[in-house]
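A structural walkthrough
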Amino acid sequence: SIPPGEKSRYHAAAVVASNFPAVLLSIGERLLAATGVPEQVAGRALRPLFHAAAENLRGRTAADALTGPIVRGDVETVRRHLVSLAGDPDALGVYVALSRAAIPVALAAGADGGRLEEIEELLR
């Protein structure tokens, strides 16, 4: 049952969960191909990560399944990522937006709040 006036938000949630993972994989493939890795190889290299991430969510919360530099509080890796994406505004925008969204998830996972504040500052 969807509360009155919330159908659009419901649908947006469904789009985020069901459509955007394919878009994220596409961006990852494009970024990897930009390093010189052939497109077909980029897809084969990233798909196992994509499937493992989805599998990690089976029966677990987002906080329990989160991996990567945000939940580790790895400020330097985030800094290097931002520098490497500076020439690709679309990918940079996605990276920044999702990294910001990952911060409260990482906090719920028990990540170091001080390190996350440093990362948040980088993302501004």
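Use the structure listed above.
Note that the structure is predicted; figures quoted are calculated from it, not measured. (Residues numbered from 1 in each chain as written. Predicted model: local features only at pLDDT ≥ 70, side-chain atom pairs only at ≥ 80, totals over all residues. Heavy atoms only, no water.)

**Some thoughts on the side chain of Asp88**
The condition that has to hold: What counts as a helix is a DSSP run of H or I of at least four residues, what counts as a strand is a run of E of at least two, and both are numbered from the N terminus. Only heavy atoms matter for contacts: two residues are in contact if any of them lie within 4.5 Å across the pair.
Looking at where Asp88 falls in the secondary structure, it is placed in the loop between helix H6 (75-84) and helix H7 (89-108). Apart from the residues lying within four places of it in its own chain, the contact partners of Asp88 are Arg30 and Leu31.

**What to know about the packing of H7 against helix H8 (residues 113-123)**
The condition that has to hold: The axes are straight lines fitted to the C-alpha atoms, using for helices just the contacting stretch, and the angles between their N-to-C directions are given from 0 to 180°. Roughly parallel refers to an angle under 35 degrees, roughly antiparallel to one over 145, roughly perpendicular to one between 65 and 115, and oblique to any angle outside these ranges. In this scheme the handedness of a crossing depends on how the near helix is turned from the far one: anticlockwise by less than a right angle means left-handed, clockwise means right-handed. Three categories are distinguished: nonpolar for Ala, Val, Leu, Ile, Met, Phe, Trp, Tyr, Cys and Pro, charged for Asp, Glu, Lys and Arg, and polar for the others, with Gly belonging to the last.
Orientation of H7 relative to H8, taken along the N-to-C sense of each, is 165°, at an axis distance of 10 Å. Between H7 and H8, the angle falls in the class roughly antiparallel. Crossing angle aside, the handedness with which H7 passes H8 is left-handed. Facing H7, whose interface residues are Val96, Ser99, Arg100, Ile103, Ala106 and Leu107, H8 presents Gly113, Leu116, Ile119, Glu120 and Leu123. Of the residues belonging to the contact of H7 with H8, the class tally is seven nonpolar, two polar and two charged.

**A word on helix H2 (residues 20-34)**
Put simply, the test is: A helix is expected to span 1.5 Å for every residue after the first. Partly exposed residues are those whose accessible area sits between 20% and 50% of the maximum for their type, while under 20% is buried and over 50% is exposed, using a 1.4 Å probe and protein chains only.
Under the 1.5 Å per step criterion, the end-to-end length of H2 is 21 Å for 15 residues, consistent within 8% with the ideal 21 Å. Within H2, burial applies to Leu25, Ile27 and Glu29. Residue Gly36 follows H2 closely and has a positive phi angle near 110°.

**Digging into the side chain of Ser99**
Secondary-structure assignment places Ser99 in helix H7. If we skip the residues at most four places from it in the chain, Ser99 touches Ile70 and Leu123.

**Focus: H6**
Note the threshold: Within this analysis, the arc is defined by the directions that extend from the helix axis to the C-beta atoms.
The complete set of buried residues in H6 reads Val75, Thr77, Val78 and Leu82. Projected down its long axis, H6 carries its buried residues within an arc of 165°, all on one side. Every exposed residue of H6 that faces more than 90 degrees away from the buried side is listed here: Val83 and Ser84. The inward-facing, buried residues of H6 abut helix H5 (69-72), H7 and H8.

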